Every structure is written in C-alpha cells, then in structure tokens.
Amino acid sequence: MASSSPSMSLRERMKTTTQAFLSAFEEGATHGDASIINRNVTADCTRHLLPASVPQAFGLPVDFSFGTTEFQETFAKDIKVLAFRNNIMANLVIDTEACRAAFTSTAEVHAKNGESYSCEQAWVLYFNEDGSKVKKVIEFCDKDVIVKMANTAA
C-alpha cells in the first residue's frame, strides 16, 4: 500500500503508489475483493479508456470515464471469472512537477474456463499533490483483449 511518510520523497511516494495501483488488479482477483481496486485512488478518481475504439466497442461515447463505484462494480464482475497474474510494470517515467507517472504493463489473464492470454497496456496516472493517491487514470488498452475479457465476464 502507498505510504505518505513525510521522509519519503515525492518521487518515491509516486513510485510506491504506482506499484500499489498496478498490483491492486492482481491482489483484488487473488483475494476476491473488488474494493482493493480503489485503495490507491481518490474518491473522485476517473478512469478513461483509450483508444477511442475501446469505449465505442461497448456502445459508449469516446469521452466516457468510469468513476470509482462503476469501476469497482465492473472489476467485481471480472474477478468472478478472470484472474490477473504476473502483472509486470516497465518503462516507468515519473514527472514530479506535473504529478504524473506513465508506464507500460503486461499481465496474464486467466479465465475460469481454462483460457489464458496476455494483456498489454500503457498507463498515465495523475496524482494528488503529495503523490499518495491517483486522481485520474488514462489506460491505453488492447481493444481485442478488453472485449474478450468483457465477453468472458458477461
């Protein structure tokens, strides 16, 4: 979990929060607890999916965003039939002036029907002023994988 220790530098805090944010997907699925997905975000955090073809694939407007409640509900449906494993972060860049971090990730998605596949994503996280919470998420997704996950969870 992210720490807000005064002795921790802003960069270190943002890195810790970023790592905890990404690990929440795997931990939430492992523990069957969808609330874990929101532990490192502000109450008013919004999550945006790119490219535009992702929300469009679900009949949503291109500027659609999830609030924390909606995302947790979606995640709860996902983890009933999907598990996320070996979520690996790479290419982490932290900008302490803008309070943002960007990175790529790969994860193994395991469906309870026995199917498994890889999921690659790129992320931009916007932080609160002390770097302890994420207030906005931009997730650049592999549309085909997201649609496959949604169809499995439907």
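Please refer to the structure placed before this passage.
These notes cover the structure that comes with them. Since this is a predicted model, take the numbers as computed values, not measurements.

### Remarks on the pairing of strand β1 (residues 41–50)
Here is step 1: Examined bridge by bridge, β1 and strand β6 (residues 134–140) share six bridges and lie parallel to one another. Bridged to Val41 within β6 is Val134.
Here is step 2: Taken together, the two bridges between β1 and strand β2 (residues 65–66) define a ladder with antiparallel strand orientation. The residue of β2 that forms the bridge with His48 is Ser65.

### Looking at the pattern of salt bridges
Here is step 1: Taken as a whole and judged by the stated rule, the model has two salt bridges.
Here is step 2: For Lys148, the salt bridge identified is with Glu115, shortest N-O distance 3.5 Å. In this pair, Lys148 sits in helix α4 (residues 143–153) while Glu115 sits in the loop between β4 (100–111) and β5 (116–127), placing the two residues 33 residues apart along the sequence.

### Things to note about the nonpolar core
Here is step 1: With 36 residues, the main nonpolar core has Phe21, Phe84, Val134 and Met149 as its most contacted residues.
Here is step 2: Of all elements in the fold, only α1 (10–31), β1, α3 (68–81), β3 (82–95), β4, β5, β6 and α4 reach the threshold of two or more residues within this core.
Here is step 3: It is α1 that contributes the most residues to this core, six residues altogether.

### What to know about the environment of Gly131
Here is step 1: Topologically, Gly131 is positioned in the loop between β5 and β6.
Here is step 2: Residue classification places Gly131 among the buried residues on the basis of a relative accessible area of 0%.
Here is step 3: Spatially, the C-alpha atoms of Gly131 and Thr17 are 7.1 Å apart, while their sequence positions differ by 114 residues.
Here is step 4: Once residues within four sequence positions are removed from consideration, Gly131 is found in contact with Leu10, Arg13, Met14 and Thr17.

### So, unusual backbone geometry
Here is step 1: Here the bond from Leu50 into Pro51 is cis, since omega is -5 degrees, no more than 30 degrees from zero.
Here is step 2: Turning to its location among the elements, Pro51 is positioned in the loop between β1 and α2 (53–57).
Here is step 3: Positive phi outside glycine occurs at Asn86, with the angle close to 50 degrees.
Here is step 4: Examined against the element boundaries, Asn86 turns out to sit in strand β3.
Here is step 5: One non-glycine residue, Asn91, adopts positive backbone phi at about 60 degrees.
Here is step 6: Here Asn91 shows up in strand β3.

### Examining the packing of α1 against α3
Here is step 1: α3 packs onto α1 with a crossing angle of 55 degrees between their chain directions and a minimal axis gap of 10 Å. The orientation of α1 relative to α3 falls into the category oblique. α1 and α3 meet at a crossing whose hand is right-handed. Here Ala24, Phe25, Gly28 and Ala29 of α1 come into contact with α3, specifically with Phe71, Phe75 and Ile79.

### Some thoughts on the layout of surface pockets
A probe matching the size of a water molecule, rolled over the atoms, marks out where space remains unfilled.
Here is step 1: For the largest pocket, the calculated volume is near 530 Å³.
Here is step 2: Listed by contribution, the elements that provide at least two residues to the lining of the largest pocket are α1, α3, β3, β5 and α4.
Here is step 3: By residue class, the composition of the lining of the largest pocket is 17 nonpolar, three polar and three charged.

Procedures and definitions
- Residues numbered from 1 in each chain as written.
- Predicted model: local features only at pLDDT ≥ 70, side-chain atom pairs only at ≥ 80, totals over all residues.
- Heavy atoms only, no water.
- Pairing = 2+ DSSP bridges.
- Helix = DSSP H or I, 4+ residues; strand = E, 2+ residues; numbered from the N terminus.
- Salt bridge = Lys/Arg side-chain N within 4 Å of Asp/Glu carboxyl O.
- Core = buried A, V, L, I, M, F, W, Y, C linked by side-chain atoms within 4.5 Å.
- Buried < 20%, exposed > 50% of the residue type's maximum accessible area, 1.4 Å probe, protein only.
- Contact = heavy atoms within 4.5 Å.
- Axes fitted to C-alpha atoms, helices over the stretch in contact; angles between N-to-C directions.
- Parallel < 35°, antiparallel > 145°, perpendicular 65-115°, else oblique.
- Left-handed = near helix turned anticlockwise from the far one by under 90°.
- 1 Å grid on protein atoms, 1.4 Å probe; cavity = no way out; pocket = protein on both sides within 12 Å on 5 of 7 lines; lining within 4 Å.
- Points joined across faces, edges and corners; volume = space filled by probe spheres on them.
- Nonpolar A, V, L, I, M, F, W, Y, C, P; charged D, E, K, R; others polar.

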